[in-house]
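Letter by letter, the chains look like this.
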Amino acid sequence: MTDLVTGVDGLPRCGWGASTPDYAAYHDEEWGRPLHGDDALYERLTLEAFQSGLSWLTILRKRPAFRLAFDGFHLEAVAGYGDADVTRLMADAGIVRNRAKIDAAIANARAALDLPDGLAALLWSFAPAARPARPRSFAEVPAVTAESVAMAKALKKRGFRFVGPTTAYALMQATGMVDDHLAGCHVKPPAAAVMG
């Protein structure tokens, strides 16, 4: 895969974003766009955790089933899950059935509700200053940064699970806390500087 690819529609994209129609839509419409709101960020945090060890494409294709299974990722609903819900989720072939990740999703919802200023405020507090320019190649895109290490540490301290520095950085990329679209990609940079 090359770093920047021109799609059949004539638009230049980050190489991974041109590999499948699902990825193209996700790349063009969601990835790297600033996302706010506790439930919305909880969804992304949960899906990034479920992705650990798997392809993001697998999670992306299962996202509708995840949303249905986890009550739209509403924090209060998931935080109230008990043993019957865990059994239901473990039997749901539409999602990734991993007991540790399911338990983590429930624990993380509870931990998020305990945050005095909310999940979005905590996560966005780790957003770095905007780069002066987009990366020119994937080689310039890190897997971990000082900010993602600090985010993961802060989340773990507050009882969150399945959120290491790499997962934290993937979350930062997906939710627009950092802009890792490559130089020349047709997706425009966020209109405003990183905001919390």
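Nothing here was measured: the structure is a model prediction, and the numbers come from that model. (Residues numbered from 1 in each chain as written. Predicted model: local features only at pLDDT ≥ 70, side-chain atom pairs only at ≥ 80, totals over all residues. Heavy atoms only, no water.)

K.L.:
Just to check I follow, could you spell out the pattern of salt bridges for this structure?
P.N.:
Where side chains of opposite charge bring their charged atoms close, a pairing between them can arise. Under the defined criterion, the tally for this structure stands at 11 salt bridges. Arg13 is the salt-bridge partner of Asp9, the closest N and O atoms lying 2.6 Å from each other. On the basis of relative accessible area, Arg13 is assigned to the buried category, the value being 5%. For Glu30, the salt bridge goes to Arg44, with nearest N and O atoms at 2.7 Å. (Salt bridge = Lys/Arg side-chain N within 4 Å of Asp/Glu carboxyl O. Buried < 20%, exposed > 50% of the residue type's maximum accessible area, 1.4 Å probe, protein only.)

K.L.:
How do you make sense of helix 2 (residues 38-51) when you look at a structure like this?
P.N.:
Residue pairs spaced three or four apart in an α-helix point in one direction, given the helix's 3.6 residues per turn. With 14 residues, helix 2 extends 20 Å between its outermost C-alpha atoms, agreeing within 8% with the 20 Å of an ideal straight helix rising 1.5 Å per residue. The element helix 2 is largely enclosed, with a buried count of 10 among its 14 residues. Burial in helix 2 covers these residues: Leu41, Tyr42, Glu43, Arg44, Leu45, Thr46, Leu47, Glu48, Ala49 and Phe50. At the C-terminal side of helix 2, Gly53 shows a positive phi close to 85°. (Helix = DSSP H or I, 4+ residues; strand = E, 2+ residues; numbered from the N terminus. Expected span 1.5 Å × (residues − 1).)

K.L.:
How should the packing of helix 2 against helix 3 (residues 56-69) be read in this particular structure?
P.N.:
To describe two helices that pack against each other, one gives the angle between their axes and the distance between the axes. Relative orientation of the contacting elements helix 2 and helix 3 amounts to 130°, with a least axis distance of 10 Å. In terms of axis orientation, helix 2 runs oblique to helix 3. Handedness of the helix 2/helix 3 crossing: right-handed. Taken together, the residues of helix 3 that come into contact with helix 2 (itself represented by Glu43, Arg44, Leu47, Glu48, Phe50 and Gln51) are Trp56, Ile59, Arg63, Phe66 and Arg67. By residue class, the composition of the contact of helix 2 with helix 3 is five nonpolar, one polar and five charged. (Axes fitted to C-alpha atoms, helices over the stretch in contact; angles between N-to-C directions. Parallel < 35°, antiparallel > 145°, perpendicular 65-115°, else oblique. Left-handed = near helix turned anticlockwise from the far one by under 90°. Contact = heavy atoms within 4.5 Å. Nonpolar A, V, L, I, M, F, W, Y, C, P; charged D, E, K, R; others polar.)

K.L.:
How do you make sense of the packing of aromatic side chains when you look at a structure like this?
P.N.:
Any aromatic ring pair is given by two values, namely how distant the centres are and how the planes are angled relative to each other. In this structure the tally under the stated criterion is 10 aromatic pairs. When the ring of Phe50 is compared with that of Phe70, the centres are 6.0 Å apart and the planes differ by 65°; the resulting orientation is edge-to-face. Of this pair, Phe50 sits in helix 2 while Phe70 sits in the loop between helix 3 and helix 4 (75-79), and the two are 20 residues apart along the sequence. Here the two residues Phe50 and Phe70 agree in accessibility, since each one is buried. Here a set of aromatic residues connected by ring pairs shows up, and it is made of Tyr42, Phe50, Phe66, Phe70, Phe73 and Tyr81. Positioned over the ring face of Tyr81 is Arg88, at 5.3 Å from the centre of the ring. (Phe/Tyr/Trp six-rings, centres within 6.5 Å; stacked < 30°, edge-to-face > 60°. Lys NZ or Arg CZ within 6 Å of the ring centre and 35° of its normal.)

K.L.:
Help me understand the packing of helix 2 against helix 9 (residues 165-174), please; the structure alone is not making it clear to me.
P.N.:
Where helix 2 contacts helix 9, the axes come no closer than 10 Å and their chain directions differ by 135°. Taken together, the axis directions place helix 2 and helix 9 in an arrangement best described as oblique. Crossing handedness for the pair helix 2 and helix 9: right-handed. The segment helix 2 lies against helix 9, with Leu41, Arg44, Leu45, Glu48 and Ala49 engaging Thr167, Ala170, Leu171 and Ala174. Here the contact of helix 2 with helix 9 is built from residues that sort into six nonpolar, one polar and two charged.

K.L.:
Would you take a moment to explain the nonpolar core for this structure?
P.N.:
In a soluble, globular protein the nonpolar side chains are often hidden away together inside. The biggest cluster of nonpolar side chains holds 56 residues, and the ones touching the most others in it are Phe66, Phe70, Leu119, Met151 and Leu155. Setting aside its immediate chain neighbours within four residues, Leu155 contacts Leu45, Leu119, Leu122, Leu123, Phe160 and Val163. (Core = buried A, V, L, I, M, F, W, Y, C linked by side-chain atoms within 4.5 Å.)

K.L.:
Got a minute to help me understand helix 6 (residues 99-113) in this structure?
P.N.:
Helix length check: helix 6, at 15 residues, gives a terminal C-alpha distance of 22 Å against a target of 21 Å (1.5 Å per residue), a fit within 8%. Along helix 6, the residues that are buried comprise Lys101, Ile102, Ala104, Ala105, Ile106, Ala107, Asn108, Ala109, Ala111 and Ala112. Packed against the buried residues of helix 6 are helix 2, helix 4, helix 5 (83-90) and helix 7 (119-124). The backbone nitrogen of Ala100 has a side-chain oxygen 3.1 Å away, supplied by the residue at the start of helix 6, namely Asn98. (Polar contact = N/O pair within 3.5 Å; in protein donor to acceptor, adjacent residues only side chain to side chain.)

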